[in-house]
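Residue-level structural notes
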Amino acid sequence: MKYYNPGFVIYDIHPDISPDNLKVFIKDKNIQYLTVDLWSPHLPKWCKTFDFQKNGYKLIYGHQKVSIFRVLKK
């Protein structure tokens, strides 16, 4: 994503972050989009089974193991 979107500020998801702490991080950094690349060995294990769409993220792109979500504001 850093290569394709040089104008975006890109943050990596820390492998030890929990889903709740991810929400706090996203809010603190005012992040609007979340990309999940399941091929990445650095993602938290819970990302493989987490239902992002039921937890405040709207799928805007999904292909094979790469998904991009819009962060919904509450």
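What you see is a predicted model, and the numbers here were worked out from it, not measured in a lab.

What follows covers the overall build of the chain. Helix and strand content of the chain: 1 helix and 3 strands. The order of helices and strands in the chain, counted from the N terminus, is α-β-β-β. A compact globule built from 74 residues should have a C-alpha radius of gyration of about 11 Å, and the chain, at 12 Å, falls within 12% of that. When contacts within the chain are restricted to residue pairs at least 6 apart in sequence, those whose partners lie at least 24 apart make up 53%. With the model as given, the accessible surface of the chain reaches about 5900 Å², and the carbon-plus-sulfur share is 53%. The distance from the centre of the 12 positive side-chain charges to the centre of the 6 negative ones in the chain is 6 Å.

Moving on: the sheet that holds strand 1 (residues 33-37). On the basis of which strands lie adjacent, the open sheet formed by 3 strands has the order 1-3-2 and antiparallel pairing. Sheet topology places strand 1 and strand 2 (57-63) at the edges, where each strand pairs with a single neighbour. Here the strands of the sheet are splayed against their neighbours by 20 degrees on average, with no regard to which way each runs. Here 6 bridges tie strand 2 to strand 3 (residues 66-71), and the two strands are oriented antiparallel to one another. Paired with lysine 58 across the strands is arginine 70, a residue of strand 3.

With respect to the helices and strands, lysine 65 occurs in the loop between strand 2 and strand 3. Sequence separation between lysine 65 and leucine 38 is 27 residues, and the spatial gap between their C-alpha atoms is 5.1 Å. Lysine 65 has contacts with Val36, Asp37, Leu38 and Trp39, leaving out every residue within four places of it along the chain.

Ranked by internal contacts, the top residues of the largest apolar core, which has 14 residues, are Leu22, Leu34, Val36, Phe52 and Tyr57. For this core, the secondary structure elements donating two or more residues are helix 1 (19-29), strand 1 and strand 3.

Locating tyrosine 61 in the fold gives a position in strand 2. Placed 51 residues apart in sequence, tyrosine 61 and isoleucine 10 show a C-alpha to C-alpha distance of 18 Å. Apart from the residues within four sequence positions on either side, tyrosine 61 is in contact with Val66, Ser67 and Ile68.

Residues Leu34 and Val36 of strand 1 are buried on one face, while the alternating residues Tyr33, Thr35 and Asp37, pointing to the opposite face, are not. Where strand 1 lies against strand 3, 5 bridges are found, and the strand directions are antiparallel. Across the sheet, leucine 34 pairs through a bridge with phenylalanine 69, a residue of strand 3.

Thresholds, definitions, all that
Residues numbered from 1 in each chain as written. Predicted model: local features only at pLDDT ≥ 70, side-chain atom pairs only at ≥ 80, totals over all residues. Heavy atoms only, no water. Helix = DSSP H or I, 4+ residues; strand = E, 2+ residues; numbered from the N terminus. Rg over C-alpha atoms; globule rule 2.2 N^0.38 Å. Contact = heavy atoms within 4.5 Å. Areas by Shrake-Rupley, 256 points an atom, 1.4 Å probe, with all protein chains shown as cover. Lys, Arg positive; Asp, Glu negative; His and termini not counted. Charge placed at Lys NZ, Arg CZ, Asp CG, Glu CD. Pairing = 2+ DSSP bridges. Axes fitted to C-alpha atoms, helices over the stretch in contact; angles between N-to-C directions. Core = buried A, V, L, I, M, F, W, Y, C linked by side-chain atoms within 4.5 Å. Buried < 20%, exposed > 50% of the residue type's maximum accessible area, 1.4 Å probe, protein only.

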